[in-house]
Amino acid sequence: TQIDGPNEGSGRQGIRESEVPREDIIVASKLPGRHHQYDQARVTIEESVARMGLDYIDLYLFLAQPVAGQFVEAWQALVDAQKQGIVKHIGVSNFLPGHIDLLIRSTGVTPAVNQVELYPFFQQAGQRAYDQAHGIITGVEPLGHANQMLKDPTIVRIAAMDNPEGRSFA
């Protein structure tokens, strides 16, 4: 489950009320891209952990449109939070190979995950190959642009296979 921003408080309640042991729950959150400065990023990460009432977050992603050089400070804040133990794994969202190379060169730390947009009409083969070559798990964002996909005859035919009522998807 990914819990971020305004959902962190309700995530806290759900975890607390759950009968599932904490070690069996994987909690992920995101650092908004507007927090590129180190101090802002650290405060945001620590606030996320506190809002959820946890000792740690399993996966913390840096969601950003990387701005030349500035995003390295936020990545360093994630690296330090991981070293401190309040974040177990760190990753990025929608980072291109050049941005990831800069993070690795600057900090020596490779993201565990790169969450990218991926769907039948947008395969991102080059990005997936880069991530795989660097041991980065390619996480997947939503399946794409529904209007485009729901008009594709192949996808409509596949959807109809498990649609005995014959509902229209377009």
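Right, let's walk through the structure included here. (Residues numbered from 1 in each chain as written. Predicted model: local features only at pLDDT ≥ 70, side-chain atom pairs only at ≥ 80, totals over all residues. Heavy atoms only, no water.)

It is worth spelling out the packing of aromatic side chains at this point. Overall, the coordinates contain two aromatic pairs when judged by the stated rule. An angle of 50° between the planes, with centres 5.6 Å apart, marks the rings of Phe-62 and Phe-95 as tilted. Here Phe-62, found in strand 2 (residues 57–63), pairs with Phe-95, found in the loop between strand 3 (87–93) and helix 4 (97–107); they are 33 residues apart in sequence, far enough to count as distant. For Phe-62, a relative accessible area of 0% corresponds to the buried category. Look at Phe-71 and Phe-95: their rings are 5.4 Å apart centre to centre, the planes differ by 80°, and that puts the pair in the edge-to-face class. (Phe/Tyr/Trp six-rings, centres within 6.5 Å; stacked < 30°, edge-to-face > 60°. Helix = DSSP H or I, 4+ residues; strand = E, 2+ residues; numbered from the N terminus. Buried < 20%, exposed > 50% of the residue type's maximum accessible area, 1.4 Å probe, protein only.)

This structure, assessed with the given rule, holds three salt bridges. Its salt-bridge partner being Asp-58, residue Arg-22 comes within 2.9 Å of it at the nearest N-O pair. Placement of the pair is Arg-22 in the loop between helix 1 (8–17) and strand 1 (28–31) and Asp-58 in strand 2, with a sequence separation of 36 residues. Since its relative accessible area comes to 12%, Asp-58 is described here as buried. For the salt bridge of Arg-51 with Glu-47, the shortest nitrogen-to-oxygen distance reads 4.0 Å. Note that Arg-51 and Glu-47 are positioned in helix 2 (residues 38–52) at a spacing of four residues, about one turn of the helix. (Salt bridge = Lys/Arg side-chain N within 4 Å of Asp/Glu carboxyl O.)

Strand pairing in a sheet takes place through backbone hydrogen bonds and is either antiparallel or parallel in direction. Strand order in this open sheet of five strands is 1-2-3-4-5, and the pairing throughout is parallel. Two strands lie at the open edges of the sheet, namely strand 1 and strand 5 (137–140), each paired on one side alone. Within this sheet the neighbouring strands show an average axis-to-axis angle of 30°, counted without direction. Across six bridges, the pairing between strand 2 and strand 3 is parallel. Among the inter-strand pairings, Tyr-60 is bridged to a residue of strand 3, identified as Ile-90. Contacts between helix 3 (residues 71–84) and the sheet are confined to strand 1, strand 2 and strand 3, with strand 3 contributing the most and set at about 160° to the helix. (Pairing = 2+ DSSP bridges. Axes fitted to C-alpha atoms, helices over the stretch in contact; angles between N-to-C directions. Contact = heavy atoms within 4.5 Å.)

The subject of this paragraph is the packing of helix 3 against helix 4. Helix packing geometry: the angle between the two helix axes and the distance between the axes. As a packed pair, helix 3 and helix 4 sit with axes 10 Å apart at the nearest point and diverge in direction by 60°. Taken as axis vectors, helix 3 and helix 4 run oblique relative to one another. In this structure, helix 3 crosses over helix 4, and the sense of that crossing is right-handed. Judged by residue contacts, Phe-71, Val-72, Trp-75, Gln-76 and Val-79 of helix 3 engage His-99, Leu-102, Leu-103, Ser-106 and Thr-107 from helix 4. Within the contact of helix 3 with helix 4, the residues separate by chemical class into six nonpolar, four polar and no charged. (Parallel < 35°, antiparallel > 145°, perpendicular 65-115°, else oblique. Left-handed = near helix turned anticlockwise from the far one by under 90°. Nonpolar A, V, L, I, M, F, W, Y, C, P; charged D, E, K, R; others polar.)

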